[in-house]
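Survey of secondary and tertiary structure
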Amino acid sequence: SKEFKKLLFIGGEGHNPNVLGLKWFLDEIYVPNEKVIKYPFHIIGNWSGLFKQQYSEHQNIVFLGVVSSVRDYFVSSIFVNPILTGAGIRTKILHAFSNNVPVLSTTFGAEGCYDVENRDHIGFFDSAEEFISLIEKTDFEKLASNGNHYYKREFDKEKLLNIRMSVFE
């Protein structure tokens, strides 16, 4: 995308790290700063009526439910990953990288997707102030391009195959 019109979160209520991270993000960052952030916040995934009800008065918070494909929702989006707990592969971030979508993430939420020397492909935030600074100052087109280059370099199929083969040697 050349222009960015919305924030996007992907994940359902059935996974506790999604609940904790999304609730923290909405309550501590997005809702108190809606007028400054200005982007609508779209949420893909299965969320209960009770959870959605907490944010029903905020027209810029849009629960989209379960979708057949996220590809169309990536267009003109900034992917937000406010994960605070949990473990595993950060598949959502890799999916965003592979689709040229800029990623804003908590430091914890992006573990395994960066190293100390290589952080120019993710916008990191762990507070409202850091998130707002990213929204105001980030070149999202460049961030998306950097993320895609990182993905192609670090998750190249041949490179991954060679790593796996070396385990068996």
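This report concerns the structure included in the present document. (Residues numbered from 1 in each chain as written. Predicted model: local features only at pLDDT ≥ 70, side-chain atom pairs only at ≥ 80, totals over all residues. Heavy atoms only, no water.)

A few words now on helix H5 (residues 91–98). Within H5, the full set of buried residues consists of Ile93, Leu94, Ala96 and Phe97. Along the axis of H5, the buried positions cluster into a sector of 160°, meaning they face one direction only. Along its buried surface, H5 packs onto helix H4 (71–74), strand S4 (77–81), strand S5 (103–105) and helix H7 (140–154). The positive-phi residue at the C-terminal boundary of H5 is Asn100, with phi of around 60°. (Buried < 20%, exposed > 50% of the residue type's maximum accessible area, 1.4 Å probe, protein only. Helix = DSSP H or I, 4+ residues; strand = E, 2+ residues; numbered from the N terminus. Arc of directions from axis to C-beta. Contact = heavy atoms within 4.5 Å.)

Turning next to the packing of aromatic side chains. Per the counting criterion, the structure on display carries 16 aromatic pairs. Aromatic pair Phe25 and Phe41: ring centres 5.1 Å apart, planes at 40°, arrangement tilted. Taken together, the residues span a long stretch of sequence, with Phe25 in helix H1 (residues 16–30) and Phe41 in strand S2 (residues 41–44) at a distance of 16 residues. Since its relative accessible area comes to 0%, Phe25 is described here as buried. Here the basic side chain of Arg90 rests over the ring of Phe108, its NZ or CZ set 5.2 Å away from the ring centre. (Phe/Tyr/Trp six-rings, centres within 6.5 Å; stacked < 30°, edge-to-face > 60°. Lys NZ or Arg CZ within 6 Å of the ring centre and 35° of its normal.)

Moving on: the packing of H5 against H7. Their axes nearest at 7 Å, the elements H5 and H7 cross at an angle of 110°. With respect to H7, the axis of H5 lies roughly perpendicular. In this structure, H5 contributes Leu94, Phe97 and Ser98 to the contact, and H7 contributes Gly147, Asn148, Tyr150 and Tyr151. Broken down by class, the residue content of the contact of H5 with H7 amounts to 4 nonpolar, 3 polar and no charged. (Axes fitted to C-alpha atoms, helices over the stretch in contact; angles between N-to-C directions. Parallel < 35°, antiparallel > 145°, perpendicular 65-115°, else oblique. Nonpolar A, V, L, I, M, F, W, Y, C, P; charged D, E, K, R; others polar.)

Glancing now at the nonpolar core. Judged by nonpolar contacts, the single largest core of 29 residues is most densely connected at Leu7, Phe25, Leu26, Phe41, Leu104 and Phe131. When residues of this core are traced back to their parent elements, those giving at least two are strand S1 (6–10), H1, S2, S4, helix H6 (128–137) and H7. Looking at this core element by element, the count peaks at 6 residues for H1. Counting residues in each nonpolar core, the second largest holds 19 residues, with Leu8, Ile10, Ile44 and Phe74 among its members. (Core = buried A, V, L, I, M, F, W, Y, C linked by side-chain atoms within 4.5 Å.)

Along any regular strand, the residues point their side chains to alternate faces of the sheet. Across the 5 residues of S4, 5 count as buried, placing the element largely inside the fold. Both S1 and S4 contribute to a ladder of 3 bridges, which runs parallel. Bridging from a neighbouring strand, Leu7 pairs with Ile78 of S4. Direction of pairing for S4 relative to S5: parallel, over a ladder of 3 bridges. (Pairing = 2+ DSSP bridges.)

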